[in-house]
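Coordinate analysis (summary)
Listed below are the residues making up each chain.
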Amino acid sequence: SWGHPNQPQDSYFASLDESGKRTDRFQRPELCKGAVEYIAPGEYMVRPPQPPVFMFVIDVSYTAVVTGMLDCVVATIKDAIQQKRLPGGQRAQMGIITFDTALHFYNLNSNLPQPQMLVVSDLEDLFLPLPDD
């Protein structure tokens, strides 16, 4: 929870069975359909692995700002990057999309003097403003 309290709803609580496990664990996919990733050694790879890509999609609406949600999300992402909590190291790629009544894409190309924000306001006919990046 990144230092912020996150109380579950009362409806999420369940009794435990005789072995100490939740009685509803097979009805909740988040408790019984987990995923495990194995890192294969080099001899199993035909080509080098693709770099991990993280796309942060962030609500920047008025409500997100006044409730403090935007500040919390930005601080959490910043902390994860600075503390190197995201896998991939220098190979990792990141992107940002923000939204309110429009979508805002960001060109974070390191060759630019500063990032560019590109706004797509037609939500009925979406397109990527920089499809090659």
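The notes below deal with the structure included here. (Residues numbered from 1 in each chain as written. Predicted model: local features only at pLDDT ≥ 70, side-chain atom pairs only at ≥ 80, totals over all residues. Heavy atoms only, no water.)

Secondary-structure assignment places Asn109 in the loop between β3 (103-107) and β4 (116-120). With a relative accessible area of 35%, Asn109 lands in the partly exposed category. Taking the C-alpha atoms as reference points, Asn109 and Gly95, separated by 14 residues in sequence, lie 10 Å from one another. A distance of 2.7 Å separates a polar atom in the side chain of Asn109 from the backbone nitrogen of Asn111. (Helix = DSSP H or I, 4+ residues; strand = E, 2+ residues; numbered from the N terminus. Buried < 20%, exposed > 50% of the residue type's maximum accessible area, 1.4 Å probe, protein only. Polar contact = N/O pair within 3.5 Å; in protein donor to acceptor, adjacent residues only side chain to side chain.)

Attention now moves to the nonpolar core. Counting residues in each nonpolar core, the largest one holds 6 residues, listed as Phe54, Phe56, Ile58, Ala64, Leu70 and Ile77. Elements with a contribution of two residues or more to this core: β1 (53-59) and α3 (69-82). Here this core takes 3 residues from β1, the largest share from any one element. Every residue in contact with Ala64, bar those within four places of it in the chain, is listed here: Asp59, Met69 and Leu70. (Core = buried A, V, L, I, M, F, W, Y, C linked by side-chain atoms within 4.5 Å. Contact = heavy atoms within 4.5 Å.)

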